[in-house]
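# Residue-level structure breakdown
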Amino acid sequence: MPHFPSRPLSTTSTPPTQNFTYRLAAASSAKRHPPRAAKPQTDFWTYSSTTRKPSPPYLRSTKIDSGEDAFFATTIASSPHDVAFGVADGVGGWQDQGVDPSDFSHGLCGLMAGTAHIHEVDGRGPVRPQWLLQTAYDAVMANPRIMAGGSTATVATLDGEGEMETANLGDSGYLIFGPGKVAYRSAVQTHAFNTPFQMSKVPPKMQAQHAIFGGSTHFSETPAQADVVRHKVRHGDVVVVATDGVWDNLSAQDTLSIVTRVMQEGGYWSTGDKETLLNNTSISSIDVEEHEKYLPALVATAIMREAKMAGLDRKRNGPFAKEVNYHYPAEGWSGGKPDDIAVVVCVAVDGGVGKQEEEQPPVRAKL
């Protein structure tokens, strides 16, 4: 799996300028749901850091919409310049123990959303994704209503300077897209093929039974073992965070093709001679009130739908099929991997760039 180098953080000593705001959307599909035309508030949800007093105050998934996969997106301390978002994938193997994996994953995301939204920047400093994941994990572990379970997770935060930090545990993950290219792809954490790092809650009785009778191993990592990476986003960058229901069925290049199509159809990217141009004004004008024309929603639903269709296609070998056939060639696996899907898309908007559109040339990136 390719691992692209992260972009360096800014080292300037000048006072920070809070120019960046963010446009977000989430899309999901439970494994049991058939493919269908995406509907707002059922299959996708929109959010913007610039909306004053949004209702609800943040996005969070429900089991009926996304199955065992969960998502969230929120402003941090209601700031228009600071956001947190992420996904969590409940480990399906817990079903064999009579445990609903969605309780753990949705519990994590709900707690991360609420914690970030009410956070106050004081002596604790800004919200960091690993701290946010740890806080939610501790709460889930202490919650008697969540008896057991496990989950992977990917969490990101962005601030007004365009500084992005991520914490990734397991095989969910994220991509960052610039004009016409994949700027970064996160690395997965696995013990072995199809055995990702995962947070787990194993009740004492189950631990005792396992010690006596044996059985399946419950891997149990903590947020401290998450990969933490920092990036510097640019105006118009598109961040896609998703569970393995996407990444098992779509490669980075597959996803780039989807993003490119949506961006070009909306006039946000255009192609010239071997280069892709970013329309700065169009990015600055993204309006959450446009609903079904809202760029992050279009990207999120396009990725969700393509992953859904690829997972159901018995002839299309995606990343999971290729991995199975590499590790276990005798299996003869063919086609996609049906699964729950959760996607969050975030588009970075630099207000400083928008104000200078007439004075600056278009941003160019080689294809």
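Quick caveat: nothing in here was measured; it's all calculated off a predicted structure.

## Observations regarding the sheet that holds strand β14 (residues 238-242)
Strands in a sheet are paired, the pairing made by backbone hydrogen bonds, and the direction either parallel or antiparallel. The strand order across the open sheet formed by 6 strands is β2-β1-β17-β14-β8-β9, and the pairing between neighbours is antiparallel. Either end of the sheet is taken by a strand with one partner, and the two such strands are β2 (44-48) and β9 (181-185). Neighbour to neighbour, the strand axes of the sheet diverge by 20 degrees on average, direction disregarded. Pairing geometry for strand β8 (residues 173-178) and β9, over 4 bridges, is antiparallel. Following the sheet pairing, Gly 178 is matched in β9 by Lys 181.

## Thoughts on the pairing of β2
Within β2, 5 of the 5 residues are buried, leaving the element largely enclosed by the surrounding structure. Relative to β2, strand β1 (residues 20-29) runs antiparallel, the two sharing 5 bridges. Bridging across to β2, Ala 25 finds its partner in Thr 46.

## Some details on the packing of aromatic side chains
Applying the stated criterion to the full structure yields 6 aromatic pairs. Measuring from centroid to centroid gives 5.5 Å for Tyr 174 and Tyr 184, while their planes differ by 25 degrees, and the two rings are stacked. On the criterion of sequence distance, the pair formed by Tyr 174 in strand β8 and Tyr 184 in strand β9 is long-range, its members being 10 residues apart. No difference in accessibility class separates Tyr 174 from Tyr 184, as the two residues are buried. Three or more aromatic residues link up through ring pairs in this structure, and these residues are Phe 193, Phe 320, Tyr 328 and Trp 333. Its guanidinium or amino end placed over the ring of Phe 320, Lys 337 lies 5.3 Å from that ring's centre, counting from NZ or CZ.

## Describing the nonpolar core
What tends to happen in soluble globular proteins is that the nonpolar side chains get buried as a cluster. Counting residues in each nonpolar core, the largest one holds 39 residues, and the members touching the most others are Val 246, Ile 283, Leu 295, Ile 303 and Val 343. For this core, the element with the highest residue contribution is helix α8 (residues 295-312), accounting for 9 residues. Every residue in contact with Ile 303, bar those within four places of it in the chain, is listed here: Val 240, Val 246, Leu 250, Thr 255, Ile 258, Val 259 and Val 343. With 27 residues, the next largest nonpolar core counts Leu 24, Leu 158, Met 164 and Val 241 among its residues.

## Overview of the packing of helix α2 (residues 102-118) against helix α3 (residues 129-142)
Packed helices, taken two at a time, are described by the angle their axes make and the gap between the axes. Direction vectors running N to C along α2 and α3 enclose 125 degrees, while the axes themselves pass 9 Å from each other. When the interaxial angle is binned, α2 and α3 end up oblique. When the axes of α2 and α3 are compared, the crossing they make is right-handed. Contact residues: α2 offers Phe 104, Gly 107, Leu 108, Leu 111, Met 112, Thr 115 and Ala 116, while α3 offers Trp 131, Leu 132, Leu 133, Thr 135, Ala 136, Tyr 137, Ala 139, Val 140 and Met 141. Class assignment of the residues belonging to the contact of α2 with α3 gives a composition of 13 nonpolar, 3 polar and no charged.

## Observations regarding the pattern of salt bridges
One pass over the structure, following the stated rule, counts 8 salt bridges. Of the charged contacts, one joins Asp 43 and Arg 36 as a salt bridge, the two residues approaching to 2.8 Å between their closest N and O atoms. On the basis of relative accessible area, Asp 43 is assigned to the buried category, the value being 4%. Judged by relative accessible area, Arg 36 falls into the partly exposed class, the value being 37%. Residue Lys 337 pairs with Asp 339 through a salt bridge whose shortest N-O separation is 3.3 Å. The class for Lys 337 is buried, based on a relative accessible area of 16%.

## Remarks on unusual backbone geometry
Residue Pro 56 follows Ser 55 across a cis peptide bond; omega there is 0 degrees. Inspection of the secondary structure assignment puts Pro 56 in the loop between β2 and β3 (59-60). Backbone geometry places Ser 78, a non-glycine residue, at a positive phi of 60 degrees. Here Ser 78 lies in the loop between β4 (69-75) and β5 (83-90).

## Concerning the pairing of strand β6 (residues 149-158)
In terms of burial, β6 is largely enclosed, as 10 of its 10 residues are buried. Here β6 shows two buried faces, one formed by Gly 149, Ser 151, Ala 153, Val 155 and Thr 157 and the other by Gly 150, Thr 152, Thr 154, Ala 156 and Leu 158. Pairing between β5 and β6: 8 bridges, direction antiparallel. Bridge pairing in β6 places Ala 84 opposite Thr 157. Summarising the sheet, β6 and strand β12 (residues 199-201) pair through 3 bridges and their orientation is antiparallel. Directly across from Gly 149, in β12, lies its bridge partner Lys 201. Pairing between β6 and strand β7 (residues 163-169): 6 bridges, direction antiparallel. Bridging across to β7, Leu 158 finds its partner in Met 164.

## Some points on the confidence of the model for the protein
With 85% of its residues at a pLDDT of 70 or more, the protein has an overall mean of 89. For the stretch residues 1-5, pLDDT sits under 50, and the model shows 13 contacts to residues farther than four places along the chain or on other chains.

## Considering the packing of helix α6 (residues 252-265) against α8
Closest axis-to-axis distance for the α6/α8 pair is 10 Å, and the angle between their directions is 140 degrees. Considering the relative orientation of α6 and α8, their crossing is right-handed. Taking contact as the criterion, the partners of Thr 255, Ile 258, Val 259, Arg 261, Val 262 and Met 263 in α6 are, on α8, Leu 295, Leu 298, Val 299, Ala 302, Ile 303 and Glu 306. Across the contact of α6 with α8, the residue classes break down as 9 nonpolar, 1 polar and 2 charged.

Here is what the cut-offs are and how they apply
Residues numbered from 1 in each chain as written. Predicted model: local features only at pLDDT ≥ 70, side-chain atom pairs only at ≥ 80, totals over all residues. Heavy atoms only, no water. Pairing = 2+ DSSP bridges. Helix = DSSP H or I, 4+ residues; strand = E, 2+ residues; numbered from the N terminus. Axes fitted to C-alpha atoms, helices over the stretch in contact; angles between N-to-C directions. Buried < 20%, exposed > 50% of the residue type's maximum accessible area, 1.4 Å probe, protein only. Phe/Tyr/Trp six-rings, centres within 6.5 Å; stacked < 30°, edge-to-face > 60°. Lys NZ or Arg CZ within 6 Å of the ring centre and 35° of its normal. Core = buried A, V, L, I, M, F, W, Y, C linked by side-chain atoms within 4.5 Å. Contact = heavy atoms within 4.5 Å. Parallel < 35°, antiparallel > 145°, perpendicular 65-115°, else oblique. Left-handed = near helix turned anticlockwise from the far one by under 90°. Nonpolar A, V, L, I, M, F, W, Y, C, P; charged D, E, K, R; others polar. Salt bridge = Lys/Arg side-chain N within 4 Å of Asp/Glu carboxyl O. pLDDT = per-residue confidence, 0-100.

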